[in-house]
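Spelled out from the first residue to the last, the chains are:
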Amino acid sequence: MHMMKADVMVDIHARNNHIAEHVHEHLAEHKIFAVNIMGAPGAGKTTTLENLLKHLDVPGYVIEGDIESNIDTERLRKQNIAATQINTFGACHLDAPLVHNAIHALPFDKPGILFIENVGNLVCPAEFSIGEDIKLLQVSVTDGSDKPYKYPLAFEKADIIVLNKIDLLPYVDFDEEFFMKGIRHLNKTAPVFKVSGKTGEGYAEAAAWLKQRAGF
Amino acid sequence: MHEYPVTVQIVDIASETARKNNGRVRRIDLVVGEDSGFIGESIQMYFDVIAEGTLCEGAQLFIEGVKPQLRCEKCGKHFERKRFSFQCPYCGGDGEPTPIGKEFYVKSVELEVEDQ
Ligand SMILES: Nc1nc2c(ncn2[C@@H]2O[C@H](COP(=O)(O)OP(=O)(O)OP(=O)(O)O)[C@@H](O)[C@H]2O)c(=O)[nH]1
Ligand SMILES: [Mg+2]
Ligand SMILES: [Zn+2]
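Given the structure is predicted, the values throughout are model-derived calculations rather than measurements.

(A) Seen up close, the overall build of chain A. Looking only at helices and strands, chain A features 8 helices and 8 strands. What you see for chain A is a C-alpha radius of gyration of 18 Å, in line with the 17 Å of a compact globule of 216 residues. Dimensions of chain A, computed from the C-alpha atoms along their principal axes, are close to 70 × 40 × 35 Å. For chain A, buried positions account for 55% of its 216 residues. A fraction of 74% describes how many contacts in chain A between residues 6 or more apart in sequence connect residues 24 or more apart.

(B) Region of the structure containing the interface of chain A and chain B. The interface is formed by 32 residues belonging to chain A together with 35 residues belonging to chain B. Note on chain A versus chain B: buried area summed over both sides is about 3000 Å², and carbon and sulfur give 65% of it. Looking at the side of chain A facing chain B, the largest losses of area belong to Met1, Ile12 and His185 of chain A, adding up to 25% of the total buried there. Inspection of the region where chain A meets chain B yields 2 salt bridges. Close ionic contact of Lys102 of chain B with Glu156 of chain A constitutes a salt bridge, the shortest N to O distance being 2.9 Å. Where chain A packs against chain B, one counts 15 residue pairs in polar contact (both at pLDDT 80 or more). If you list the elements that add at least two residues to the side of chain A that touches chain B, you get strand E1 (2-11), helix H5 (147-150), helix H6 (152-157) and helix H7 (176-186) of chain A. For the side of chain A that touches chain B, the element with the highest residue contribution is E1 of chain A, accounting for 10 residues.

(C) Spotlight on the side chain of Asp146 of chain A. Position of Asp146 of chain A relative to the elements: it lies in the loop between strand E6 (134-140) and H5. Excluding its chain neighbours within four sequence positions, the residues that come into contact with Asp146 of chain A are Phe178 of chain A together with Phe84 of chain B.

(D) The UniProt feature "domain: CobW/HypB/UreG nucleotide-binding" (unreviewed entry) in chain A, seen in detail. In this structure's numbering, the residues bearing the UniProt feature "domain: CobW/HypB/UreG nucleotide-binding" (unreviewed entry) are residues 35-193 of chain A. For residues 35-193 of chain A, the end-to-end C-alpha separation is 16 Å, with 30% helix and 24% strand making up the annotated structure.

(E) View of the coordination of the zinc ion (ligand 3). Residues and elements named next belong to chain B. Distances from the zinc ion (ligand 3) to its protein donors, namely Cys72 (SG), Cys75 (SG), Cys88 (SG) and Cys91 (SG), fall within the range 2.2 to 2.4 Å. Note that the zinc ion (ligand 3) binds 4 donor atoms; their angles at the metal cover 99 to 117°, and the shape is tetrahedral. Every donor residue of the zinc ion (ligand 3) comes from the same chain, spaced as C-x2-C-x12-C-x2-C. Of this pair, Cys75 sits in the loop between strand E3 (70-72) and strand E4 (78-79) while Cys88 sits in the loop between E4 and strand E5 (95-97), and the two are 13 residues apart along the sequence. For Cys75, a relative accessible area of 33% gives the class partly exposed.

(F) Here's a closer look at the packing of aromatic side chains. In the structure shown here, the tally under the stated rule is 11 aromatic pairs over all chains. Between the aromatic rings of Tyr4 of chain B and Tyr46 of chain B, the centroid separation amounts to 5.3 Å while the plane-to-plane angle is 90°, which identifies the pairing as edge-to-face. Of this pair, Tyr4 of chain B sits in helix H1 (residues 4-20) while Tyr46 of chain B sits in helix H2 (residues 40-51), and the two are 42 residues apart along the sequence. With a relative accessible area of 41%, Tyr4 of chain B lands in the partly exposed category. Clustering of aromatic rings is evident, with ring pairs tying together Tyr149 and Phe178 of chain A together with Phe84 and Phe86 of chain B.

(G) Main features of the sheet that holds E5 of chain B. Residue and element names in this part refer to chain B. Overall, antiparallel pairing links the 3 strands, which are arranged E4-E3-E5 in an open sheet. The open sheet has two free edges, formed respectively by E4 and E5, since each of these has just one partner strand. Note that E3 and E4 share 2 bridges and pair antiparallel. In the sheet register, Arg71 faces E4, and the bridge partner there is His78.

(H) Here's a closer look at the site of ligand 1. Residues and elements named next belong to chain A. With respect to spatial proximity, 19 residues lie near ligand 1, and among them Lys45, Thr46, Thr47, Asp167 and Gly197 are the closest. Asp72 places a polar side-chain atom, nitrogen or oxygen, 3.1 Å from an oxygen atom of ligand 1. Bound to the protein, ligand 1 loses 69% of the 650 Å² it would expose on its own. The set of elements that each furnish at least two residues to the shell around ligand 1 consists of helix H2 (45-55) and helix H3 (71-77). With 3 residues, the top contributor of residues to the shell around ligand 1 is H2. Here the shell around ligand 1 is composed, by residue class, of 4 nonpolar, 8 polar and 7 charged.

Conventions adopted
Residues numbered from 1 in each chain as written. Chains lettered and ligands numbered in written order. Predicted model: local features only at pLDDT ≥ 70, side-chain atom pairs only at ≥ 80, totals over all residues. Heavy atoms only, no water. Helix = DSSP H or I, 4+ residues; strand = E, 2+ residues; numbered from the N terminus. Rg over C-alpha atoms; globule rule 2.2 N^0.38 Å. Buried < 20%, exposed > 50% of the residue type's maximum accessible area, 1.4 Å probe, protein only. Contact = heavy atoms within 4.5 Å. Buried area = accessible area lost by both parts, 1.4 Å probe. Salt bridge = Lys/Arg side-chain N within 4 Å of Asp/Glu carboxyl O. Polar contact = N/O pair within 3.5 Å; in protein donor to acceptor, adjacent residues only side chain to side chain. UniProt positions renumbered as here; feature names shortened; annotations may be inferred. Donors = N, O, S within 2.8 Å, 3.2 Å for Na, K, Ca; no water. Tetrahedral: all angles 85-135°; square planar, octahedral: opposite > 155°, others 65-115°. Phe/Tyr/Trp six-rings, centres within 6.5 Å; stacked < 30°, edge-to-face > 60°. Pairing = 2+ DSSP bridges. Near = heavy atom within 4 Å. Areas by Shrake-Rupley, 256 points an atom, 1.4 Å probe, with all protein chains shown as cover. Nonpolar A, V, L, I, M, F, W, Y, C, P; charged D, E, K, R; others polar.

Here is the structure:
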């Protein structure tokens, strides 16, 4: 019996990332552009994807990630949107194996955009790649303008940031300058679109950006 | 909850190394940046339970933490971020994020190996 030391240097996320690459390849084969929507519970993730789909004249698909329930999926199916549900049963984020199981439940018969609504959480989803092309960060003015400072990783990793509920600006103390300053320290390139799910304003611009980015 | 699945990955990675070398794991050295999103204490807590019945059973887990650093865009120096501030303590310039502090990997393992 003897002791030996072995260098390993293996990233803990390696297996997840490997499956994420596989998911991404599968989607690319079907010409599907995937958007990972991250944001706190109730920030407006479902509202935003509904509004973006209205403005995108491109086939849309949705995977809904929730700890429990299929409320959001039912809500989308009522609008004839091809949607499927992942329940994580306690896990606070989606990971690539979960998304891998779900992509085979969607038809992908036409090229289009797939929205993957992550579990409502501003922390953990940012740490896991799920095979997406871009990450959309959903924040709302009711979340508070200090969020870039408190949850930097989500802002750092976002490719597009959607600031929702601007119809509520008169009622909340949202310091936009402080908010934008925090974002720009973390992320020089992501556009920030100000929208309201209540009035529908701002979504046309966000959808136009997305369409161009997706190459449609 | 959050650390449970990643602790499973850690045990898998270490066990795989042990299997390749026909040994058992006695010690794992893990590097966890403070901005990795994972808490060392929490991984430590799950580890014994998950390691039970695997090649990692009874192994010790050592966790090296890494403090996150920003890099100043003006003078290029690295520094630790203060709350609600990105300001460089050397020149007052703006700091931008770096990979330092986001580490999350198994650095090495110590194995007990049968003599051939
Ligand atoms: N006033 C106002 N309310 C909004 C706006 N957008 C969404 N809401 C409301 O905010 C609530 C949450 O919206 P959702 O789109 O379900 O949020 P979500 O992020 O998908 O929530 P979870 O999936 O539960 O995490 C709903 O009651 C919406 O009606 C907005 O722009 N203005
Ligand atoms: Mg929702
Ligand atoms: Zn400096």
